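# An overview of the molecular structure
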Amino acid sequence: MIRTSEPVVAVTFNAAWNDAGLDSVLDDLARRHTPATFFLTGAFADRHPEVVRKVAAAGHGLGNHSYSHPYFDDLTAAGRRREVQAADQALRAAGAVAGQSLTPFFRFPYSETSAAQIDEVNGLGFADIEFTTDTNGWKGTEGGMTVDLAVGRALDALRPGAIVQMHVGTSEGGPEVIDAQALPRILDAITARGYRVIDLRTLLTPVAGTADTGDLPG
């Protein structure tokens, strides 16, 4: 959660598998003049450097989601450091610095965090950004998810400072990306309920009522 009492929320997307829903997501964000932060793995950035450049060109923030999306508990401290640094290098090589899109934000794979590991990430110059709710759209219809369920999960968690997590692709590689289909309904409902979507990068210059960036857990 963002530490605030203001009616603001943040919209975020993870990318590790594919970019099947990216164009739809970017179109809907642009249509509504809505900022978002995209957390990409380094392996994804290496496979899809054009996606990194496209997100940067659209003016959105780009965050670090590790290089290969491992379970961090299974790694040594040195291994975790390599994952973070390799992802940062991949994002930079793909062009994430264009338009000041590259952020000092990190999101742990599988939301697997501990105080010690957050300290490690902070020591590398990154703030941990988790989420208030995941729409679970990534599970797809084969995992029992629907657009209605994804929208419901996002709106049930709507409160000042909420961070919504979605995904731009599908774990099974299919063409149907539930989060891409749910996004316009989620954004319209956020606005209808009197909330405003903020760019997480604004938290890098703290103002009254917003969060600090040492650790922003969901």
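Calculation rules
Residues numbered from 1 in each chain as written. Predicted model: local features only at pLDDT ≥ 70, side-chain atom pairs only at ≥ 80, totals over all residues. Heavy atoms only, no water. Helix = DSSP H or I, 4+ residues; strand = E, 2+ residues; numbered from the N terminus. Rg over C-alpha atoms; globule rule 2.2 N^0.38 Å. Buried < 20%, exposed > 50% of the residue type's maximum accessible area, 1.4 Å probe, protein only. Contact = heavy atoms within 4.5 Å. Areas by Shrake-Rupley, 256 points an atom, 1.4 Å probe, with all protein chains shown as cover. pLDDT = per-residue confidence, 0-100. Pairing = 2+ DSSP bridges. Arc of directions from axis to C-beta. Phe/Tyr/Trp six-rings, centres within 6.5 Å; stacked < 30°, edge-to-face > 60°. 1 Å grid on protein atoms, 1.4 Å probe; cavity = no way out; pocket = protein on both sides within 12 Å on 5 of 7 lines; lining within 4 Å. Points joined across faces, edges and corners; volume = space filled by probe spheres on them. Nonpolar A, V, L, I, M, F, W, Y, C, P; charged D, E, K, R; others polar. Salt bridge = Lys/Arg side-chain N within 4 Å of Asp/Glu carboxyl O.

This next bit is on the overall build of the protein. Within the protein, the secondary structure is distributed over seven helices and nine strands. Its C-alpha atoms give the protein a radius of gyration of 16 Å, near enough to 17 Å, the size a compact globule of 218 residues would have. In terms of its C-alpha atoms, the protein occupies a principal-axis envelope of roughly 45 × 45 × 35 Å. When each of the 218 residues of the protein is scored for burial, the buried share is 54%. A separation threshold of at least 6 residues defines the contact pool for the protein, and within that pool the share at least 24 residues apart is 76%. Accessible surface, the protein as shown: approximately 9,100 Å² in total, 51% of it carbon and sulfur.

The next point concerns the confidence of the model for the protein. Across the protein, pLDDT averages 91, with 91% of residues at or above 70. Counting contacts from residues 207–218, a segment whose pLDDT is below 50, to residues more than four positions away or on other chains yields 35 contacts.

It is worth spelling out the pairing of strand E4 (residues 102–106) at this point. Most of E4 sits out of view: four of its five residues are buried. By the bridge criterion, two bridges tie strand E3 (residues 61–64) to E4 in an arrangement that is parallel. The residue of E4 that forms the bridge with Asn 64 is Phe 106. Judged from the two bridges that link them, E4 and strand E5 (residues 127–129) form a sheet pairing that is parallel.

Our next topic: helix H3 (residues 49–57). In an α-helix there are 3.6 residues to a turn, and that puts residues three or four apart on one side. When we look at burial in H3, the residues that qualify are Val 51, Val 52, Val 55 and Ala 56. Around the axis of H3, the buried residues are gathered within 135 degrees of arc, so they sit on the same side.

Aromatic ring pairs are defined here through the distance separating the ring centres and the angle between the ring planes. Summed over all chains, the structure comprises six aromatic pairs. Here the aromatic rings of Phe 13 and Phe 38 are separated by 5.1 Å at their centres, their planes lie at 20 degrees, and the arrangement is stacked. Residue Phe 13 is located in strand E1 (residues 8–15), and its partner Phe 38 is located in strand E2 (residues 37–40); the two are separated by 25 residues in the primary sequence. As far as the burial class goes, Phe 13 and Phe 38 line up, both buried.

Once that is clear, we can look at the layout of surface pockets. For the largest pocket, the calculated volume is near 210 Å³. Lining the largest pocket are 16 residues, and of these Asn 14, His 69, Tyr 110, Gln 165 and His 167 sit closest to its centre. Those elements that place two or more of their residues in the lining of the largest pocket are E1 and strand E7 (163–167). Classifying every residue of the lining of the largest pocket by side-chain character gives seven nonpolar, six polar and three charged.

Following the criterion strictly, the structure yields eight salt bridges and no others. As a salt-bridge pair, Asp 28 and Arg 32 come within 3.3 Å of each other at their nearest N and O atoms. Among the residues examined, Asp 28 registers a relative accessible area of 8% and is labelled buried. Members of the salt-bridge network, linked through shared partners, are Asp 28, Arg 31, Arg 32 and Asp 188.

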